[in-house]
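Each chain, written out:
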Amino acid sequence: MNRIYMDNAATTRVSPAVVEKMGLVLQEVFGNPSSIYEEARQAKQLLEESRAVVAGALNCKPQEIFFTSGGTEADNWAVKGAFEKNGSKGHLITTTIEHHAVLHVAEHLEKKFGCEVTYLPVDENGLISLEALEEAIRPDTFLISIMMGNNEIGTIQPVREIGELARKHKVLFHTDAVQTFGKLPLDMADLHVDMLSVSAHKIHGPKGVGCLYVRRGTNLPAMMHGGAQERGKRPGTENTASIAGFAQAVRDSLEDREAKNRKLLELTDRLIEGVSETIPHVRLNGHREKRVPGNVNFSFEFVEGESLLLMLEQQGVSASSGSACTSGSLDPSHVLLAIGLPHEIAHGSLRLSLDSEENTMEDVETLIRVLPPILERLRSMSPLYDDYVRQCRKGESDV
């Protein structure tokens, strides 16, 4: 059976070019960049070349790039660092649909330090209100942290306008760009972002490496202590091979990006069209146009997400659910609840995240073909669907 991988928002396959680059570095550039001999100088040079590549992709200075273990660490550092910079007090603004790497930090600061947090609501498409954001800003607001592209429903926030509001009110602004980096052009000279989080494994790079962009002059405190690496902000011997792999993935993501996105748009449009036309009682979650390329999230009434995933797995399709039940929780996705879906519909959600190199139109057509009989079978076992059918028949007989 040929497998179809459609969970690229969770992670991507490491590219052959990245594997080759990392293998070369692991074998030949093994020195510690903090030492002074030749092997160390080679590692230091590679480290700074990689930093320049990432900085070039963001149109910022290399000195504004700090390598981390990934997006989660970068998010933690941005929010906790801004709080510490403000004297471990003050008011934080975020949204109800953030990644848990931000939400759980906000909750931690609330419970342990008494930080006041405003969780901005979103509309049915997952967009915040700029007016509500400006109204929420207070004299003691130390940070606005709003993700650029949502990992579950793909909605892209008006980051430039948010940055303008933050700058107007002299508030730091952080955005999680893990899902958009490598897909959308990100220009730090234009976006008015003070901090931005990135992860390598979403763009065919290795897991365990990413970065935090910190605008010059922000003076973010160090998150950890113990060494002078990353200009004293992020101690620990640098993971040179993974950082070099990260830089290779960045180079590759920039090649023919417009063509890749055109292909992704064609695949996405066909997937949305095919599923919407062949399956009743389906809802597309997230904004139809303002969405991360390749991200598609459906909610299907009268089915349960985990069962849907298991049956797709039997057909060789790898995807993810809007429900968190696969991680041991009975609660549906906080993102889907935040856009107004009732629990029973949020539980029947499916996220399909496509990649221009991983997926083909044939993959999409296969999914459109296998999905209807799966849903028909699941609904045939659903008491809720039985009740719905009986009510419809009763309504027709009453006419």
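Calculation notes
- Residues numbered from 1 in each chain as written.
- Predicted model: local features only at pLDDT ≥ 70, side-chain atom pairs only at ≥ 80, totals over all residues.
- Heavy atoms only, no water.
- Pairing = 2+ DSSP bridges.
- Helix = DSSP H or I, 4+ residues; strand = E, 2+ residues; numbered from the N terminus.
- Axes fitted to C-alpha atoms, helices over the stretch in contact; angles between N-to-C directions.
- Contact = heavy atoms within 4.5 Å.
- Salt bridge = Lys/Arg side-chain N within 4 Å of Asp/Glu carboxyl O.
- Buried < 20%, exposed > 50% of the residue type's maximum accessible area, 1.4 Å probe, protein only.
- Expected span 1.5 Å × (residues − 1).
- Phe/Tyr/Trp six-rings, centres within 6.5 Å; stacked < 30°, edge-to-face > 60°.
- Lys NZ or Arg CZ within 6 Å of the ring centre and 35° of its normal.

A. Broad picture of the sheet that holds strand S3 (residues 91–95). Read from one edge of the open sheet, 7 strands run S2-S8-S7-S6-S5-S3-S4, paired in mixed fashion. The open sheet has two edge strands with one neighbour each: strand S2 (65–68) and strand S4 (116–120). With direction set aside, neighbouring strand axes in the sheet form an average angle of 20°. Pairing analysis gives 3 bridges linking S3 to strand S5 (residues 141–145), with the strands arranged parallel. Directly across from Ile 93, in S5, lies its bridge partner Ile 144. Its contacts with the sheet place helix H6 (residues 159–168) against S5 and strand S6 (172–176), and it is angled at close to 160° to S6.

B. Fine view of the pattern of salt bridges. This model, assessed by the stated rule, comprises 18 salt bridges. Among the salt bridges present, the one from Arg 13 reaches Glu 358, with a minimum N-O distance of 2.7 Å. Remark: Glu 358 occurs in the loop between strand S13 (349–353) and helix H13 (361–380) and Arg 13 occurs in the loop between strand S1 (4–5) and helix H1 (16–28); sequence separation between them is 345 residues. In this structure Arg 13 comes out as exposed when scored by relative accessible area, which is 53%. The class for Glu 358 is buried, based on a relative accessible area of 18%. Notably, a salt bridge pairs Arg 51 with Glu 230, separated by 2.8 Å at the nearest N-O pair.

C. Molecular detail of the sheet that holds strand S10 (residues 295–300). One open sheet accounts for 4 strands, arranged S9-S10-S13-S12; its pairing is antiparallel. In this open sheet, the two strands that pair with only one neighbour each are strand S9 (282–285) and strand S12 (320–321). Summarising the sheet, S10 and S13 pair through 5 bridges and their orientation is antiparallel. Bridge assignment links Asn 297 to a residue of S13, and that residue is Arg 351.

D. Expanded view of helix H8 (residues 240–254). The terminal C-alpha atoms of H8, which comprises 15 residues, lie 21 Å apart, in line with the 21 Å expected from a rise of 1.5 Å per residue. Of all 15 residues in H8, 12 are buried, a share of seventy percent or more. Residues of H8 that are buried in the fold lie against H1, helix H2 (38–58), S2, strand S7 (195–199), strand S8 (210–214) and helix H9 (257–278). In the segment just after H8, Asp 256 is the residue with positive phi, at about 55°.

E. Here's a closer look at unusual backbone geometry. Of note in this structure, Asp 256 is not a glycine but carries a positive phi near 55°. Structurally, Asp 256 can be placed in the loop between H8 and H9.

F. A look at the packing of aromatic side chains. All chains considered together, the criterion is met by 6 aromatic pairs. Their ring planes at 80° and their centres at 5.7 Å tell us that Phe 66 and Trp 77 sit as a pair that is edge-to-face. Highlighted residues: Phe 66 in strand S2 and Trp 77 in helix H3 (residues 71–85), separated in sequence by 11 residues. Taken individually, Phe 66 and Trp 77 each receive the classification buried, so the pair is uniform in this respect. Relative to Phe 246, the ring of Phe 67 has its centre 6.2 Å away and its plane inclined at 75°; by these criteria the two rings are edge-to-face. Here Phe 67 is found in strand S2, whereas its partner Phe 246 is found in helix H8, with 179 residues between them in sequence. You'll find Phe 67 and Phe 246 in the same group, each marked buried. Ring pairing ties together the aromatic residues Phe 83, Phe 113 and Phe 142, which thus form one cluster. Here the basic side chain of Arg 231 rests over the ring of Phe 66, its NZ or CZ set 4.2 Å away from the ring centre.

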